[in-house]
Amino acid sequence: MMTGAKSAPASSTETSVSPAASHITVLLHEAVAALNVRADGVYVDGTFGRGGHSRLLLSKLGAKGRLIALDRDLAAVAHAKTIDDARFSIAHVHFSGMTAVLAELGIEAVDGILLDLGISSPQIDEGERGFSFRFDGPLDMRMDQSRGKTAAEWLATISEKQLGEVIRDYGEERFAKQVARAIVKEREDGHAITTTGQLAKIVAGAIHKVEPGQNPATRTFQALRIFVNQELEELSLVLPDCLRLLRENGRLAVISFHSLEDRIVKRFIQSEMDRDNLPSGLPVRAVDLPQPRLRTIGKAIKPGKAEVSANVRSRSAVLRVAERTHVQ
């Protein structure tokens, strides 16, 4: 579903923070600057959230510029409709739908794509969404509440072996087997796990050694959220799409919040920079080797001390930037 505003372009006055008071946009200026915005360019904000990046991007665009935002969260899409600007449109879609959305708009290539991964503050802070163990709410965890199984529904049927693998691989939890065993035992004892409070209590009882300052349920909640929303799979699908959509000198900027995401982004960029996968020793001239389709722009960027102090949730953020070359 695509919606857009009908008014004339907004003024060029910079708006740096989303109106949603509970949400502070991470690496706001750094991410937008990384896109090297052209006034007449076409850009994609792949995760609108509460619109901090989108609003700043719009302030950099001229009358002929265009911004297409995407988000799988219905609350984010509803919030985006407060932007009354003819240059802006929003689509309720997952990453994997980016190409289709742009095709529907008649757009074959863009000048920049921004992906702000992970979970937003409003999602964490709304107990009924089920993302946080700080609130005892329904165990949902879906970013897109219009489709898919909830975390509670997954926990009702998933095997102990698969659950252990999910918690180990997506949460990097060293006590994954113990946690999976405790969850399945609770289920087999006839107690349906339907709330965040129940799950947090089970996990706490299964983990006897906790990192200082960290809730024992942190890694398990992260793992289930990533699994329920297929976050890593969506990221792996969209990166090749971004490569195809970017025109020459177009920029890709990706903000990751944990090592699993950042590893996928880093490896993808490296693979497109170093495309020499021929057997070693093969007599091939350097000029005939596959040429890079991406080049990195600067080093990975992390929030400064001032940003982390103002917003502790930004502390794990990493921004990577790459630019499209002429090579097809």
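Predicted model only: the values in this text are computed from it and were never measured.

Participant: I would appreciate a short explanation of the packing of aromatic side chains in the present structure.
Facilitator: For any pair of aromatic rings, geometry is given as the distance between the ring centres together with the angle between the planes. As enumerated under the stated definition, the model contains three aromatic pairs in all. For the pair phenylalanine 48 and phenylalanine 88, a centre-to-centre distance of 5.9 Å together with 50° between the ring planes defines the contact as tilted. With a gap of 40 residues between them, phenylalanine 48 in the loop between strand 2 (42-45) and helix 2 (52-60) and phenylalanine 88 in strand 4 (residues 88-92) connect regions that are remote in the sequence. For the pair phenylalanine 133 and phenylalanine 221, a centre-to-centre distance of 5.4 Å together with 90° between the ring planes defines the contact as edge-to-face. Taken together, the residues span a long stretch of sequence, with phenylalanine 133 in the loop between helix 5 (121-125) and helix 6 (151-155) and phenylalanine 221 in helix 10 (residues 218-229) at a distance of 88 residues.

Participant: Could you clarify how one ought to interpret the packing of helix 7 (residues 160-171) against helix 10 in this entry?
Facilitator: When two helices pack together, their arrangement is given by the angle between the helix axes and by the axis-to-axis distance. Their axes nearest at 8 Å, the elements helix 7 and helix 10 cross at an angle of 100°. The pairing of helix 7 with helix 10 is recorded here as roughly perpendicular in orientation. Each of Gln162, Leu163, Val166, Ile167, Tyr170 and Gly171 in helix 7 lies in contact with helix 10, whose residues at this interface are Arg219, Thr220, Gln222, Ala223, Leu224, Ile226 and Phe227. Among the residues forming the contact of helix 7 with helix 10, the class breakdown is eight nonpolar, four polar and one charged.

Reading the values: rules and limits
Residues numbered from 1 in each chain as written. Predicted model: local features only at pLDDT ≥ 70, side-chain atom pairs only at ≥ 80, totals over all residues. Heavy atoms only, no water. Phe/Tyr/Trp six-rings, centres within 6.5 Å; stacked < 30°, edge-to-face > 60°. Helix = DSSP H or I, 4+ residues; strand = E, 2+ residues; numbered from the N terminus. Axes fitted to C-alpha atoms, helices over the stretch in contact; angles between N-to-C directions. Parallel < 35°, antiparallel > 145°, perpendicular 65-115°, else oblique. Contact = heavy atoms within 4.5 Å. Nonpolar A, V, L, I, M, F, W, Y, C, P; charged D, E, K, R; others polar.

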